[in-house]
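Structure assessment
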Amino acid sequence: MTPLENKSHSLNNSFGTGLLLFGATLSYLRIENITQHIANTVAAYGSEALGLFPAMGLAAARIFQELTLNPASALSAFLQFLLSFWPVAIIFLGALLLRKSIFPIVSLPVFAEQESDSRPQPVRE
């Protein structure tokens, strides 16, 4: 590898690792926040928490009805849904930058034949 290729490979590794860790941390914090909220809800309502499930089902049905009957709000809701997954997008971007480091064997045989200047050695029996 030339020094320029080595430097870009190193930068990709650094940025990819940073993005992967940052996205994983954000995802963990969001999941932790959601589970804490659920645990607090169940603790606050006690046995009444089971009555929240039918209410959530009815609320979901109303949301689907609104999305079906009003396409403009459906587009807005879809964009908000996509924005909620930005930590996962950061993880995918980090993995994309680390693809040569994570899977070096997959890309090695394809380029090994093109970059090799040595001649094949005869096989002796």
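Scroll up for the structure.
Just so we're clear, the structure is a prediction, and the values are computed from it rather than from any experiment.

Looking only at helices and strands, the protein features 6 helices and 0 strands. The linear arrangement of helices and strands in the protein, starting from the amino end, is α-α-α-α-α-α. Evaluated residue by residue, the protein yields a buried proportion of 7% over its 125 residues. At a minimum sequence separation of 6, the contacts of the protein that also span at least 24 residues come to 81%. Per element, the accessible surface of the protein, about 10900 Å² overall, is 69% carbon and sulfur.

Before going further, it helps to spend a moment on the side chain of serine 27. Position of serine 27 among the secondary structure elements: in helix α1 (residues 3–45). The residues contacting serine 27, other than those within four sequence positions of it, are Pro87, Val88 and Ile91.

Moving on to the environment of glycine 94. Inspection of the secondary structure assignment puts glycine 94 in helix α4 (residues 86–97). It is 8.7 Å that separates the C-alpha atoms of glycine 94 and asparagine 12, two residues lying 82 residues apart in sequence. Among all residues touching glycine 94, those that are not within four sequence positions of it are Gly16, Leu19 and Leu20.

How two helices sit against one another is set out by the angle between their axes and by the gap between those axes. Closest axis-to-axis distance for the helix α2 (residues 52–69)/helix α3 (residues 71–83) pair is 5 Å, and the angle between their directions is 120 degrees. Relative to α3, α2 is oriented oblique. Residues Glu66, Leu67 and Leu69 of α2 lie in contact with α3, whose contacting residues are Pro71, Ser73, Ala74 and Ala77. Looking at side-chain class alone, the contact of α2 with α3 contains 5 nonpolar, 1 polar and 1 charged residues.

A surface patch of nonpolar side chains, about 820 Å² in accessible area, is lined by Leu75, Phe78, Leu79, Phe81, Leu82, Phe85, Val88 and Phe92. Residue assignment for the nonpolar patch shows that the elements contributing at least two residues are α3 and α4. A per-element tally of the nonpolar patch places α3 first, with 5 residues. As for its position among the elements, leucine 82 is in helix α3. Assessed through its relative accessible area of 45%, leucine 82 is described here as partly exposed.

Cut-off values and rules
Residues numbered from 1 in each chain as written. Predicted model: local features only at pLDDT ≥ 70, side-chain atom pairs only at ≥ 80, totals over all residues. Heavy atoms only, no water. Helix = DSSP H or I, 4+ residues; strand = E, 2+ residues; numbered from the N terminus. Buried < 20%, exposed > 50% of the residue type's maximum accessible area, 1.4 Å probe, protein only. Contact = heavy atoms within 4.5 Å. Areas by Shrake-Rupley, 256 points an atom, 1.4 Å probe, with all protein chains shown as cover. Axes fitted to C-alpha atoms, helices over the stretch in contact; angles between N-to-C directions. Parallel < 35°, antiparallel > 145°, perpendicular 65-115°, else oblique. Nonpolar A, V, L, I, M, F, W, Y, C, P; charged D, E, K, R; others polar. Patch = residues over 30% accessible without salt bridge, like charges linked within 9 Å, V, L, I, M, F, W, Y side chains within 5 Å. Salt bridge = Lys/Arg side-chain N within 4 Å of Asp/Glu carboxyl O.

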